[in-house]
Amino acid sequence: MFGKLTWAAIPWDQPIPLFAGAFVVVAALAVLLWIGVKGYFPYLWNEWITSVDHKRIGVMYVLLGLVMLLRGFVDAVMMRTQQAVAYQAPGYLPPHHYDQIFSAHGTIMIFFAAMPIVIGLMNFVVPLQLGARDVAFPTLNSTGFWLTASGALLVNISLVVGEFAQTGWLPYPPLSELPYSPGVGVDYYLWALLISGVGTLMTGINFVTTILKIRAPGMSYMRMSMFCWTALASNMLIVAAFPILTATLIMIVLDRYLGFHFFTNDGGGNMAMFVNLIWAWGHPEVYILVLPAFGVFSEVISTFSGKPLFGYRSMVIATLGICIISFVVWLHHFFTMGAGGDVNAVFGIATSIIAVVTGVKIYNWLFTMYGGRIRYNTPMLWSLGFLVTFVVGGMTGVLLAVPPADFALHNSLFVIAHFHNVIIGGVLFAAFAGVTFWFPKAFGFRLHEGWGVAVFWFTTIGFYVTFFPLYVAGLLGMTRRLQHFDVAAWRPWVLIASAGVAISALGMICQIVQLVVSIRRRAELLDPTGDPWNGRSLEWATASPPPVFNFAFLPQVNDQEPYWAIKQRAIETQHLAAVGEYLPIEMPRNSATGFLTSFFATLTGFGLIWHIWWMVIAGLVAAYAGFVWFAWRDEDEYEIPASEVQRLDGERRRAREEWLAREGNLGGVA
Amino acid sequence: MARFRFPRPALFAGSGKRSSVLLGLSPLLGGVLDPQGPAASGNAQILLNAVAIMMAIVAPTIVATMVFGWWFRASNKRATYLPNWDYSGRLELIVWGIPLLVVLFLSGVTWIGSHDLDPARPIASPTRPIEVRVVSLDWKWLFIYPEEGVASVNEIALPAGRPAHFSLTSGTVMNGFFVPQLGGMIATMNGMVTQLNLQADRPGDYYGQSTQFSGGGFSDMHFLLRALPPTSFAQWVEDARKSTKILDEDAYLAMAREKAAAPRALYGSIDKALFENIAARRLLVETPETE
Ligand code: HEM
Ligand SMILES: [Cu+2]
């Protein structure tokens, strides 16, 4: 009846996961109860769960990412404390447990923290910056989100029901094959990523289509904001790379479930094939993450310097260059597999070419600051922190791309330091900058500055104290993924790193405090005009939060910085642009398709993991039925009457008139 | 599983004379920047060269970031504001040119280094290399000396000053063979044989380990590499030959199927075809019943 699932799957004898799991379950139930008591369920269902509004979906993505970031951080704390006490001692986490933690940490951070935050920012911002009403396929968008959530849920279920993979975040065979990983851990990994991978692919298709097809009148490619460009590049990478991941994981699934021999030791399998395939996806993946981050910094640096982005054309070329080159460098992740001098050199050199294009971007940001009037609000602090930090991470990356240097450093803590240096210093800093920057747009009030500054300093210092010692430990020959170690020379560096995690934890706490304080003091942090930072692109041309339809009139774009131009004109003429006649607007209806399909996909995944075949079949049939039901609907749009459009737009215009009166008195300084 | 503990590996062993790359950086002794052989020296040298080349561009960039960020702060009334300045052909040239030049230079270093320091490339030496076959298992290392007819577990002895040629494979999952002070990390993979050439210039005990995570006992998968003066090496081989343990297919399979770390051990005689049979996947370690 329940396949391999028995009561023994619950770790009764392991207090840490048991209590952690119990805590999460109780907390979740408490939240649900509170929602029920307050009667918020209809609101949640109508306004969020079934919403196909790209802004709502974007917010949910970011929220999911932040919660998973917290979970991943807890894993990190456990790993660092284990290594701190495991010098010539077994520590408190046995290998069975420790190996699950580092595997879950990497998987969660990349797929369920970084990816959702980045995709969430794109979801929220891209249609607004394009001057569009929504994405090309709104229901697909919702489905993509819920499939991602489904994957995240499966990974977290593994904490209390069964176990997670003990193979690292990329399950190299033959370790991940049945003879070496007979448990359900790898299966959890596989099905979580297969399900969420489909969601990510949907997002990619959706955004490539949106950016290519749905832009405001007059917005040619060379008038798109830099963030839209990087989003386009990132989503093209998703479309090209994620099918590779899915296909590769399916090959392991076939090996594990049906006795195939793609990567096994017997039957002529070849694990080197897996390593090539997974990195053919894996290297583009890091650029899927970091390109939108570059986009965020481009917006932030230009806005807070009060200047247009320097070298826009160069930036576009660099972005597309990275997009292409990132597909031809994958071998740098396994120089030590003995490919020989020619192959290693070619891939090493190809990799360092990425550094050229990245270097161009860095300089262009510097020259954007040059001659600016830089306001140091938190997003700008993150940007400056990023510039300094990322340059170092890029340098160590290029160092690892020199094969003979990699022969000394591969799989050491030096590599760990490198990629945290670029992922934290690049992607995470961008996530925080972006969230602070666009928070007022999403919710109508800013985040508290003081607490934001505290988050910045704790996170940045915490990062340096945690990861720079790991560069040294790597140079001393310390390998990654050690559950315990015996070498005295490594110990001090490991201990400093643990102290660094404590500082980072303060940053996390400040983050939460910042949110609470900002919500409580939202009246004084209000953003009435919709343009809190003196912005330059179209998202600032509408109210905060924007109405469902984003813009009452689709803006006419004549310039690379459309909203800046509109504002300049308003200041010159001392008039807001005249309004035309308000017309009714059609918007897509809510749909439960995404939620239901994903719910059944979760059931299917769970059934596959535990070999509960009736559940698999029931889940598949129900998910398909949901899809058919959606495809058959007659009415997919509803109309917002002109009077309502006028009312919503009127409020923003009034606030804008007041702003103009003030600005006019100041003599037109923008 | 009985936890096997290494005696304190002598990380700072041997050699009164420190290699030239590292004078003044004593906290880094014992690691990859304290090389004790030609491969490791080459790796360390190229590592430091690459850092130096990149620092030429990275350091000024960081300084410029700080300076621009400080000088152009909004409150600085002396800074000129150029609200519309967003292009300069000359700067564009520099922006593309400088990173391009640096990377071109680095590419030269990469090309030459990748060939000179290819692990499969023999080390130039008047003496013939000693042959060692390496098999990684769960979770221990097996070293076979085909010419001497002996084998060992978790301990390699090499004559100092004479090159060694390793052929490596894995009986089970992937691992990485690495002795930080001797350089040249290389993967071990089932059904494949990789090549590695190393030399320890001076006698000493060097710490070695697996660098590729390979399962529950991974952290114990370290070994001791003992570089011995020629006479001591001959003595080590003699001692090994005295061991009554025999490494034949049965002994190998028994050892390989026991998923546990192992104490150091010596084998007095070996099955000469064993390594080839392992590499050709004729000796499958995996027991058929998987669950
Ligand atoms: C100039 C840019 C970069 C270069 C030249 C570079 C180069 C490299 C190289 C050669 C490795 C393999 C090292 C090894 O395993 O021995 C590596 C690992 C890695 N890099 Fe980068 N990198 C760059 C930027 C980035 C960025 C922007 C990210 C992410 C946003 C990133 C994420 C990673 C990750 C996650 C790994 C380790 C994967 C693993 O082994 O688990 N890198 N990088
Ligand atoms: Cu890569």
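Residues numbered from 1 in each chain as written. Chains lettered and ligands numbered in written order. Predicted model: local features only at pLDDT ≥ 70, side-chain atom pairs only at ≥ 80, totals over all residues. Heavy atoms only, no water.

**Quick word on the overall build of chain B**
Across its full length, chain B holds five helices and 13 strands. Pairs at least 24 apart in sequence give 69% of the contacts found in chain B among residues at least 6 apart. Summing over all exposed atoms, chain B offers an accessible surface of approximately 12100 Å²; the carbon and sulfur share of this is 63%. (Helix = DSSP H or I, 4+ residues; strand = E, 2+ residues; numbered from the N terminus. Contact = heavy atoms within 4.5 Å. Areas by Shrake-Rupley, 256 points an atom, 1.4 Å probe, with all protein chains shown as cover.)

**What to know about the interface of chain A and chain B**
Chain A puts 97 residues into the contact, and the matching count from chain B is 95 residues. Around 8100 Å² of area is buried between chain A and chain B when both sides are counted, 69% of it from carbon and sulfur atoms. Taken together, chain A and chain B are joined by zero salt bridges. Put simply, chain A and chain B have 26 residue pairs in polar contact (both at pLDDT 80 or more) between them. Residue assignment for the side of chain A that touches chain B shows that the elements contributing at least two residues are α4 (95-130), α8 (271-305), α9 (312-325), α10 (341-369), α11 (378-400), α12 (403-409) and α14 (449-475) of chain A. No other element matches the 18 residues that α10 of chain A contributes to the side of chain A that touches chain B. (Buried area = accessible area lost by both parts, 1.4 Å probe. Salt bridge = Lys/Arg side-chain N within 4 Å of Asp/Glu carboxyl O. Polar contact = N/O pair within 3.5 Å; in protein donor to acceptor, adjacent residues only side chain to side chain.)

**Let's talk about the coordination of the iron atom of ligand 1**
Residue and element names in this part refer to chain A. Of all protein atoms, His418 (NE2) alone acts as a donor to the iron atom of ligand 1, lying 2.2 Å away. The copper ion (ligand 2) is placed at 4.7 Å from the iron atom of ligand 1. On the secondary structure map, His418 appears in helix α13 (residues 413-443). (Donors = N, O, S within 2.8 Å, 3.2 Å for Na, K, Ca; no water.)

**Comments concerning unusual backbone geometry**
With an omega of -15°, the peptide bond running from Ser544 of chain A to Pro545 of chain A counts as cis. Between Asp138 of chain B and Trp139 of chain B the backbone carries a cis peptide bond, its omega angle lying at -10°. Assignment of secondary structure puts Trp139 of chain B in the loop between β1 (130-137) and β2 (140-145). Of note in this structure, Asn411 of chain A is not a glycine but carries a positive phi near 60°. The topology assignment puts Asn411 of chain A in the loop between α12 and α13. With a phi angle near 65°, Arg481 of chain A is a residue other than glycine that sits in the positive phi range. Residue position: Arg481 of chain A is located in the loop between α14 and α15 (491-520).

**Comments concerning the coordination of the copper ion (ligand 2)**
Expected angles at a metal are 109.5 degrees for tetrahedral coordination by four donors and either 90 or 180 degrees for octahedral coordination by six donors. Coordination of the copper ion (ligand 2) by the protein is provided by His283 of chain A (ND1), His332 of chain A (NE2) and His333 of chain A (NE2), with metal-donor distances spanning 1.8 to 2.0 Å. Residue His283 of chain A is classed as buried on the basis of its relative accessible area, which comes to 6%. (Buried < 20%, exposed > 50% of the residue type's maximum accessible area, 1.4 Å probe, protein only.)

**Quick notes on the pattern of salt bridges**
Taken as a whole and assessed by the stated rule, the structure comprises 21 salt bridges over all chains. Its salt-bridge partner being Arg633 of chain A, residue Asp636 of chain A comes within 3.8 Å of it at the nearest N-O pair. Look at Asp636 of chain A and you get partly exposed, because its relative accessible area is 35%. A salt bridge links Arg652 of chain A to Asp649 of chain A; the shortest N-O distance between them is 3.7 Å. Separated by three residues within a single helix, Arg652 of chain A and Asp649 of chain A lie in helix α19 (residues 642-665), roughly one turn from each other. Both residues of the pair, Arg652 of chain A and Asp649 of chain A, belong to the buried class. Among the charged side chains, a salt-bridge network with shared partners connects Glu155, Asp205, Arg226 and Arg264 of chain B.

**Focus: the nonpolar core**
Formed by 236 residues in total, the largest nonpolar core has its most connected members in Val126, Trp281, Trp365, Leu409, Trp438, Trp490 and Trp610 of chain A. Counting residues per element, this core draws most heavily on α4 of chain A, which supplies 21 residues. Taken domain by domain, the makeup of this core includes at least three residues from each of domain 1 (38-116) and domain 2 (130-279) of chain B. If near-sequence neighbours (up to four positions away) are discounted, Val126 of chain A is found in contact with Leu121, Phe207, Ile211, Phe227, Cys228 and Ala231 of chain A. (Core = buried A, V, L, I, M, F, W, Y, C linked by side-chain atoms within 4.5 Å. Domains from an automatic or database assignment.)

**Observations concerning the side chain of Thr61 of chain B**
Secondary-structure assignment places Thr61 of chain B in helix α1 (residues 38-71). Residue Thr61 of chain B is classed as buried on the basis of its relative accessible area, which comes to 6%.

**Considering the site of ligand 1**
Residue and element names in this part refer to chain A. The environment of ligand 1 is formed by 22 residues, the closest being Trp169, Asp406, His410, His418 and Arg480. Arg480 is positioned with one of its side-chain polar atoms (N or O) 3.0 Å from an oxygen atom of ligand 1. Taken together, the elements giving at least two residues each to the shell around ligand 1 come down to α8, α11 and α13. Per-element accounting of the shell around ligand 1 gives the leading share, six residues, to α13. Its residues assigned to classes, the shell around ligand 1 shows 14 nonpolar, six polar and two charged. (Near = heavy atom within 4 Å. Nonpolar A, V, L, I, M, F, W, Y, C, P; charged D, E, K, R; others polar.)

**Digging into the confidence of the model for chain B**
Detailed conclusions should not be drawn from predicted coordinates in areas where pLDDT is low. Residue and element names in this part refer to chain B. Overall, the predicted model of chain B reaches an average pLDDT of 89, with 89% of residues at or above 70. Note that residues 1-24 has pLDDT below 50 and, in this model, 56 contacts with residues that lie over four places away or in other chains. Overall fold confidence (pTM) sits at 0.93, and the ipTM for the predicted complex is 0.92. (pLDDT = per-residue confidence, 0-100.)

**A short note on the packing of aromatic side chains**
Per the stated rule, a full pass over the model turns up 73 aromatic pairs over all chains. Ring geometry for Phe367 of chain A and Trp85 of chain B: centres 6.3 Å apart, planes at 85°, overall edge-to-face. Pair noted here: Phe367 of chain A is in helix α10 and Trp85 of chain B is in the loop between α1 and α2 (89-116), and the two residues belong to different chains. Residues Tyr370 of chain A and Phe68 of chain B carry aromatic rings whose centres are separated by 5.2 Å and whose planes lie at 65° to one another, so their mutual orientation is edge-to-face. Separated into two different chains, Tyr370 of chain A in the loop between α10 and α11 and Phe68 of chain B in helix α1 make up a pair that spans both. Exposure remark for Phe68 of chain B: the relative accessible area of 16% places this residue in the buried category. Here the aromatic residues Phe111, Phe112, Trp169, Phe242, Trp279 and Trp281 of chain A are joined through ring pairs into a cluster of three or more. Between Arg536 of chain A and the ring centre of Trp564 of chain A, over which it is positioned, the NZ or CZ distance is 3.9 Å. Above the face of the Phe275 of chain B ring, Arg133 of chain B is positioned so that its terminal group lies 5.7 Å from the ring centre. (Phe/Tyr/Trp six-rings, centres within 6.5 Å; stacked < 30°, edge-to-face > 60°. Lys NZ or Arg CZ within 6 Å of the ring centre and 35° of its normal.)

**Description of the packing of helix α7 (residues 226-258) of chain A against α8 of chain A**
All names here are of chain A. In the contact formed by α7 and α8, the axes pass within 8 Å of each other and the chain directions differ by 160°. Classified by the angle between their axes, α7 and α8 sit roughly antiparallel to one another. In terms of crossing hand, the pair formed by α7 and α8 is left-handed. Residue composition of the contact of α7 with α8, grouped by class: 22 nonpolar, five polar and two charged. (Axes fitted to C-alpha atoms, helices over the stretch in contact; angles between N-to-C directions. Parallel < 35°, antiparallel > 145°, perpendicular 65-115°, else oblique. Left-handed = near helix turned anticlockwise from the far one by under 90°.)

**With respect to the sheet that holds strand β7 (residues 186-188) of chain B**
Backbone-to-backbone hydrogen bonds pair the strands of a sheet. The strands run either parallel or antiparallel. Residues and elements named next belong to chain B. Taken together, five strands build an open sheet; the order of strands is β4-β10-β9-β6-β7 and the sheet is mixed. In this open sheet, the two edge strands, each paired with only one partner strand, are β4 (155-159) and β7. Direction aside, neighbouring strands of the sheet carry axes that sit 25° apart on average. Pairing geometry for strand β9 (residues 204-210) and strand β10 (residues 222-228), over six bridges, is antiparallel. Looking across to β10, one finds that Gly204 is bridged to Ala227. (Pairing = 2+ DSSP bridges.)

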